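What the coordinates show
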Amino acid sequence: MSGPTFVELGHYQVRKRGQGADGDAFLSRKASDGRIISALSDGLGSGVKAGVLATLTASMAVKFVSEDIPIRRAAGIIMKTLPVCSERRISYATFTIVDIDSQDTVKVVEYDNPSYILIRERTQVEPIKGEIRVTRAGRGRASAARGAVGREAIMRYSEFQARPGDRLVFFSDGVTQAGMGTRAHPLGWGAPAVQAYALGLVEEKPDISARELARRMVQEAEAVDAYAPKDDISCAVVYFRRPRRLLVMTGPSIDPSRDAEMAAIFDRYEGRKLLCGGTTAAIVARELGRTVTIVLERVARDVPPASTMEGADLVTEGIITLGKAAELLERGESAVRAERGPAARAAELFLDSDHIEFVVGTKINEAHQDPSMPVELEIRRNIVKRVAATLRETYLKEVELRFI
Amino acid sequence: MDGEKLKVIICSGTACFVMGGSELLLLEDELPEAWRGRVSVEAAPCLGSCKDRSCGRAPFVKVGVEDLAGATMPALLALIGRKLGETLGG
Ligand code: FES
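This one's a predicted model, so the numbers in the text were calculated from it and none came from an experiment. (Residues numbered from 1 in each chain as written. Chains lettered and ligands numbered in written order. Predicted model: local features only at pLDDT ≥ 70, side-chain atom pairs only at ≥ 80, totals over all residues. Heavy atoms only, no water.)

It is worth spelling out the overall build of chain B at this point. Of the regular secondary structure elements, chain B holds three helices and four strands. In sequence order, chain B lays out its α and β elements as β-α-α-β-β-β-α. A total of 90 residues make up chain B; the buried ones form 47% of that total. Of the contacts formed within chain B by residues at least 6 apart in sequence, a portion of 65% connects residues at least 24 apart. Summed over all atoms, the accessible surface of chain B reaches about 4,600 Å², with 52% contributed by carbon and sulfur. (Helix = DSSP H or I, 4+ residues; strand = E, 2+ residues; numbered from the N terminus. Buried < 20%, exposed > 50% of the residue type's maximum accessible area, 1.4 Å probe, protein only. Contact = heavy atoms within 4.5 Å. Areas by Shrake-Rupley, 256 points an atom, 1.4 Å probe, with all protein chains shown as cover.)

The structure is reproduced here in C-alpha cells:
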C-alpha cells in the first residue's frame, strides 16, 4: 500500500507584480491506487487568462493520469487539446507532470518548463530523458525556441526510482528568468545558479521540508527580481522522506492479560510515543517498571495536566485531551501552533509525524458512564476515529488503527 | 524538610477532572501564606477510586493518609487545616 518513504509535497508561488491573479497553477491528487500525481503549469503571459489556462492544463493532467491514462499518453492528449497562440505561435501553457506510484517509481513529463532538479545525497543527479513528439492539429507554427518544430511539439520523458531522502524540485520559468535584464543578471538567474541555490539550501538544512524549500526558492527568485516579479514565479517540491513515525496508545484492553503485550508494543516501537490516558500510562509503567510523574505547572483549565514517563514523548489524560486535540486539529494548523497545554502538544506530535499508529484499548470506563457527570464524555473509540479521519483527510497522514 | 510536609495528591484523571477536580488543581494558589512550605501539592492520574462505588463520588483527593471524596476547594482547605493542626499538635 504505502511506499518505502513518505511523500511530502510542497508548493509556493508569487504572481507577477501588478497582477490580480496567479498565472501559474499547481495541483496534486492522490489516486485510489495510492499514486500521487501532481502538475505545475505556466500559462502564457500572466493574469486571469494565463491562470485559467494553467489551471485547465494542470487539472487535465492530474485528472487523466490519476484515472489511469498512462502519463505519456495523457501528456499527448493535453498537447493536442491545448490551443496554440495565433500571434506568438506558441503553446498557451507549459507543464511538468509528475506521477509517483506506491513503490516510489517516478515518471515525469516536461513540456517547456525549466528542467527539474533531482537532489540525492546532496548532489544533483540527472536521469536520462527521452523525447515524446506529438503532432498537433493546430495551424500554428510553433517557434523552435519553445521546443516545438513545425507542428510538432516535443516533450521530455524520464523515469526513475526515488530513494529515501530524494527531492524533486520543479518550477516555472519565472524562477530561471528572474532578474532578466538587470545588470546583475542580464540573462536571468539561469538554470545553473538556480540548481546551485537549491543544493545550497539542502546542504544548509538537510531536513528542510518540501514546503520550506519551495518557499525559499521562490523568495530568492523574487529577490533576484528585485522584489518586483516580472513573471509569475512558482516552485513545487516532492520530498521522499524517511517517514516520521508516531505511536499513540490509548485505553486499557478489555482483556487484562494483554497488558504485557501493550507494554511490549510500546517498548519496541521505533519512533515517537504518545500515551493518552492515566490507566494506560499506569499499565505501561507497571509492566516496564517505570514511573509516571505529573507536571503541575501551568495547569490548563480545560485539559488535565500532562505527565512524563521515561520512553514516552508525552503522557496525557485520555478522553478530554484527545477531544480537545481533535478540535484543535479540525480548526487548523495555526490553531494548534497558537495553543499550549497538553492537547496542543499532542496535536503538534500528530502534525509533525507522517505515519501514525493508534493502539486503542476498548475497555469502557464505567465511571465515565455515570449520568451525574456534568458533561457527556465521548466513547474513546469514537474520538480516536474522529482524530484519525482528520489526520487522514485534512493532513494526508498515513493512519493505522488497531483495537485491542 | 520534605518528610514533614503534608502531601496532598489531587486526582487529575478524567472522571475527577470533569467532576470539579480541574478547580482543585489550582489549590496551590488558594493556600494561605502560613501553610505554604508545609504542604506539597501533587497531581496523579486516576487513583482508581472512581471505579469503586464504595469510595464515594469524584473528585478524589488524598490528604496525607486520608481520602477525601466529593472534594470541593473549601472542604479540601478545611481538611488540610485540620491535618496541619494535628501535625503541629503532635
Ligand atoms: S479519575 Fe480520579 S479516581 Fe479515577
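We now examine the interface of chain A and chain B. Counting residues at the interface gives 24 residues for chain A, matched by 18 residues for chain B. Summed over both partners, the interface of chain A with chain B comes to about 1,700 Å²; 70% of that surface belongs to carbon and sulfur atoms. The tally of links from chain A across to chain B stands at two residue pairs in polar contact (both at pLDDT 80 or more). Here the residues of the side of chain A that touches chain B sort into 15 nonpolar, six polar and three charged. (Buried area = accessible area lost by both parts, 1.4 Å probe. Polar contact = N/O pair within 3.5 Å; in protein donor to acceptor, adjacent residues only side chain to side chain. Nonpolar A, V, L, I, M, F, W, Y, C, P; charged D, E, K, R; others polar.)

Next up on the list: the packing of aromatic side chains. Residue and element names in this part refer to chain A. Counted according to the given criterion, the structure contains five aromatic pairs over all chains. Between the aromatic rings of Phe 95 and Tyr 111, the centroid separation amounts to 5.6 Å while the plane-to-plane angle is 45°, which identifies the pairing as tilted. In this pair, Phe 95 is assigned in strand S4 (residues 93-100) and Tyr 111 in strand S5 (residues 105-111), connecting sequence segments 16 residues apart. Seen from the ring of Tyr 157, Arg 72 lies directly overhead, with NZ or CZ sitting 4.5 Å from the centre. Across the ring face of Tyr 116, the terminal group of Lys 129 is positioned such that the distance to the ring centre comes to 4.2 Å. (Phe/Tyr/Trp six-rings, centres within 6.5 Å; stacked < 30°, edge-to-face > 60°. Lys NZ or Arg CZ within 6 Å of the ring centre and 35° of its normal.)

Moving on to the pattern of salt bridges. Residue and element names in this part refer to chain A. Applying the stated criterion to the full structure yields 32 salt bridges over all chains. Among the ionic pairs, Arg 122 bridges to Glu 203, the shortest N-O distance being 3.5 Å. With Arg 122 in the loop between strand S6 (117-120) and strand S7 (123-125) and Glu 203 in helix H4 (residues 191-204), this pair connects stretches of sequence that are 81 residues apart. Among the residues examined, Glu 203 registers a relative accessible area of 45% and is labelled partly exposed. A salt bridge links Arg 337 to Glu 333; the nearest nitrogen and oxygen atoms lie 3.2 Å apart. Pair noted here: Arg 337 and Glu 333 are both in helix H9 (residues 333-338), with a separation of four residues, about one helical turn. Under the relative-accessibility criterion, Arg 337 is labelled partly exposed at 37%. Shared partners join several salt bridges into a network, and the residues in it are Arg 211, Glu 333, Arg 337, Glu 348 and Asp 352. (Salt bridge = Lys/Arg side-chain N within 4 Å of Asp/Glu carboxyl O.)

This brings us to the layout of surface pockets. Looking at the largest pocket, its volume works out to about 1,300 Å³. Forming the walls of the largest pocket are 41 residues, and the residues nearest its centre are Phe 6, Val 7, Tyr 395, Leu 396 and Lys 397 of chain A. Elements supplying a minimum of two residues to the lining of the largest pocket: strand S1 (6-14), strand S2 (24-30), helix H5 (210-224), strand S12 (233-241), H9 and strand S19 (398-403) of chain A. Looking at the lining of the largest pocket element by element, the count peaks at four residues for S1 of chain A. Considering only residue class, the lining of the largest pocket consists of 12 nonpolar, 10 polar and 19 charged. Both domains that furnish three or more residues to the lining of the largest pocket are identified here as domain 1 (6-241) and domain 2 (245-403) of chain A. For the second largest pocket, the calculated volume is near 620 Å³. Lining the second largest pocket are 46 residues, and of these Pro 252, Thr 279, Asn 365 and Arg 380 of chain A together with Lys 51 of chain B sit closest to its centre. Sorting the residues of the lining of the second largest pocket by element identifies helix H7 (278-288), strand S17 (314-316) and helix H11 (380-393) of chain A together with helix H1 (14-24) of chain B as the ones contributing at least two each. In terms of residue count, H7 of chain A provides more of the lining of the second largest pocket than any other element does, seven residues in total. (1 Å grid on protein atoms, 1.4 Å probe; cavity = no way out; pocket = protein on both sides within 12 Å on 5 of 7 lines; lining within 4 Å. Points joined across faces, edges and corners; volume = space filled by probe spheres on them. Domains from an automatic or database assignment.)

Residues and elements named next belong to chain B. The sheet built from four strands is open, its strands ordered S2-S1-S3-S4 with mixed pairing. The open sheet has two edge strands with one neighbour each: strand S2 (39-44) and strand S4 (66-68). Ignoring which end each strand starts from, the neighbouring axes of this sheet average 20° apart. For strand S1 (residues 6-11) and strand S3 (residues 61-63), the ladder comprises three bridges, and the chain directions are antiparallel. Bridge pairing in S3 links Val 8 to Val 63. (Pairing = 2+ DSSP bridges. Axes fitted to C-alpha atoms, helices over the stretch in contact; angles between N-to-C directions.)

A word on the nonpolar core. Grouped together as the largest cluster of nonpolar side chains are 66 residues, with contacts concentrated most on Phe 350 and Phe 358 of chain A together with Leu 27 and Ile 80 of chain B. In this structure Phe 358 of chain A touches Val 248, Phe 350, Val 384, Val 387, Ala 388, Leu 391, Val 399, Glu 400, Leu 401 and Arg 402 of chain A, once residues within four positions along its chain are discounted. Counting residues in hydrophobic clusters, the runner-up holds 27 residues, among them Ile 37, Phe 64, Phe 95 and Ile 97 of chain A. (Core = buried A, V, L, I, M, F, W, Y, C linked by side-chain atoms within 4.5 Å.)

This part is about the packing of helix H1 (residues 48-66) of chain A against helix H2 (residues 71-81) of chain A. Residues and elements named next belong to chain A. Following both chains from N to C, one finds H1 and H2 inclined at 145°, their axes separated by 9 Å at the closest point. Both H1 and H2 take part in a crossing whose hand is right-handed. Only Ile 71, Ala 74, Ile 77, Ile 78 and Thr 81 of H2 make contact with H1, whose side of the interface consists of Thr 57, Met 60, Ala 61, Phe 64 and Val 65. Tallied by class, residues from the contact of H1 with H2 come to eight nonpolar, two polar and no charged. (Left-handed = near helix turned anticlockwise from the far one by under 90°.)

In short, the description is geometric, and any link to function would need to be established separately.
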